[in-house]
Amino acid sequence: MVTDSRPATPANSSVTFINVFEVAAEHVDAFVARWERRAALMSTKPGFLDTRLHRARASDSRFQLVNVAHWESQEAWEAATADPDFRERTRAAREDEQLPVTASPSLYDVAVEFVAEAGEPV
């Protein structure tokens, strides 16, 4: 039996949602335009804190885009992603044969943090 050595996450603690996208460099601009519409919808949901979509500087990078979003809690994120309009938009994006994309989404907790002033783990 494998045991999980991670500390228990406190209920209602903030979470970071990270989604990396494999998309051909020539399709990035089209994908970003569609992503913005989905992000605008999510930004209206209770518990949303912020989001940033990062673009690779090199066109040969495996992950051309990385989304990092922060939510007040896992429950807030789950409620937002249960929205039927959001689900339809993400389904349509996954099934669009004209704009093939592979996404790898997950929720994360901070494992180690360094800050410039201290130079020590927080």
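All of these numbers come straight from a predicted model, not from anything done at the bench. (Residues numbered from 1 in each chain as written. Predicted model: local features only at pLDDT ≥ 70, side-chain atom pairs only at ≥ 80, totals over all residues. Heavy atoms only, no water.)

## Considerations on the overall build of the chain
- Summing up its helical and strand segments, the chain has three helices and four strands in all.
- Reading the secondary structure of the chain in the N-to-C direction produces β-α-β-β-α-α-β.
- Burial status across the chain gives 29% buried among its 122 residues.
- Total accessible area computed for the chain in this model is approximately 8,500 Å², and 52% of it derives from carbon and sulfur atoms. (Helix = DSSP H or I, 4+ residues; strand = E, 2+ residues; numbered from the N terminus. Buried < 20%, exposed > 50% of the residue type's maximum accessible area, 1.4 Å probe, protein only. Areas by Shrake-Rupley, 256 points an atom, 1.4 Å probe, with all protein chains shown as cover.)

## What about the nonpolar core?
- With eleven residues, the main nonpolar core is built from Val15, Phe17, Leu41, Met42, Phe48, Ala69, Trp71, Ala76, Trp77, Ala80 and Phe86.
- When residues of this core are traced back to their parent elements, those giving at least two are β1 (15-23), α1 (28-42), β3 (65-71) and α2 (74-81).
- The dominant element in this core, judged by the number of residues it contributes, is α2, at three residues.
- Residue contacts for Phe17: discarding those within four places in its chain leaves Asn67, Val68, Ala69, Trp71, Trp77, Pro105, Ser106 and Leu107.
- Membership of the second largest hydrophobic core comes to eight residues, among which are Phe21, Ala39, Leu65 and Leu99. (Core = buried A, V, L, I, M, F, W, Y, C linked by side-chain atoms within 4.5 Å. Contact = heavy atoms within 4.5 Å.)

## Quick look at α1
- For α1, spanning 15 residues, the distance from its first C-alpha to its last is 20 Å, which sits close to the expected 21 Å at 1.5 Å a residue.
- Turning to α1, its buried residues are Val28, Phe31, Trp35, Arg38, Ala39, Leu41 and Met42. Down the axis of α1, the buried set is contained in an arc of 150°. They therefore lie on one face.
- At its buried positions, α1 is contacted by β1, β2 (48-55), β3, α2, α3 (84-95) and β4 (101-108). (Expected span 1.5 Å × (residues − 1). Arc of directions from axis to C-beta.)

## Quick word on the sheet that holds β3
- Pairing is antiparallel in the open sheet, where four strands are placed in the order β2-β3-β1-β4. Two strands close off the open sheet at either side, each with one partner strand: β2 and β4. Between one strand axis and the next, the sheet turns through 15° on average, direction left out of account.
- As defined by bridge partners, β1 adjoins β4 across eight bridges and the pair is classed as antiparallel. Opposite Ile18, over in β4, you have Ser106 as the bridge partner.
- Along the sheet, α1 contacts β1, β2, β3 and β4; its crossing angle with β2, the most-contacted strand, is approximately 175°.
- Helix-sheet contacts for α2 involve β1, β3 and β4, and the interaxial angle to β3 is about 120°. (Pairing = 2+ DSSP bridges. Axes fitted to C-alpha atoms, helices over the stretch in contact; angles between N-to-C directions.)

That's the geometry; what it means functionally is another story.
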